[in-house]
Amino acid sequence: MAHNNSAYYRAAVAVRSDTAIANIAITLIFQADAMLRGLIERLKREFVERGGIREEMTRMRLQHRGKRE
C-alpha cells in the first residue's frame, strides 16, 4: 500500500467538498460490502467441501492417532 498512513487521507479529505467525501465513503462501503460477500461465499464453499471446526478437529485427531500406532 502506497498510502497506509491516515494523515495522508486526513489531508486529502480536508481539501474535498462534502459531496466528494460522501461519494468516496459510499464507494468504500460498496467495496467493503463486495469483499465481505466474497469472503462469506468462499467460507460457505469451504464449509460444504471440508466441514466445520469439529470435522477438522476429528480429522486432525485421527491423523495424529494414526501416526502414533
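See the structure above.
Residues numbered from 1 in each chain as written. Predicted model: local features only at pLDDT ≥ 70, side-chain atom pairs only at ≥ 80, totals over all residues. Heavy atoms only, no water.

**Q** Pulling in residues and values, what's your account of the pattern of salt bridges?
**A** All chains considered together, the criterion is met by 5 salt bridges. Of the charged contacts in the structure, one is a salt bridge between Asp33 and Arg37, with a shortest N-O distance of 2.9 Å. One end of the pair is Asp33 and the other is Arg37, both in helix H2 (residues 18-50) and 4 residues apart, which spans about a single turn. By relative accessible area, which is 36% here, Asp33 ends up partly exposed. (Salt bridge = Lys/Arg side-chain N within 4 Å of Asp/Glu carboxyl O. Helix = DSSP H or I, 4+ residues; strand = E, 2+ residues; numbered from the N terminus. Buried < 20%, exposed > 50% of the residue type's maximum accessible area, 1.4 Å probe, protein only.)

**Q** Any details on a nonpolar patch on the surface? Residues and values, ideally.
**A** A surface patch of nonpolar side chains, amounting to about 260 Å² of accessible area, comprises Leu36, Leu39 and Leu43. As for its placement among the helices and strands, Leu36 is situated in helix H2. (Patch = residues over 30% accessible without salt bridge, like charges linked within 9 Å, V, L, I, M, F, W, Y side chains within 5 Å. Areas by Shrake-Rupley, 256 points an atom, 1.4 Å probe, with all protein chains shown as cover.)

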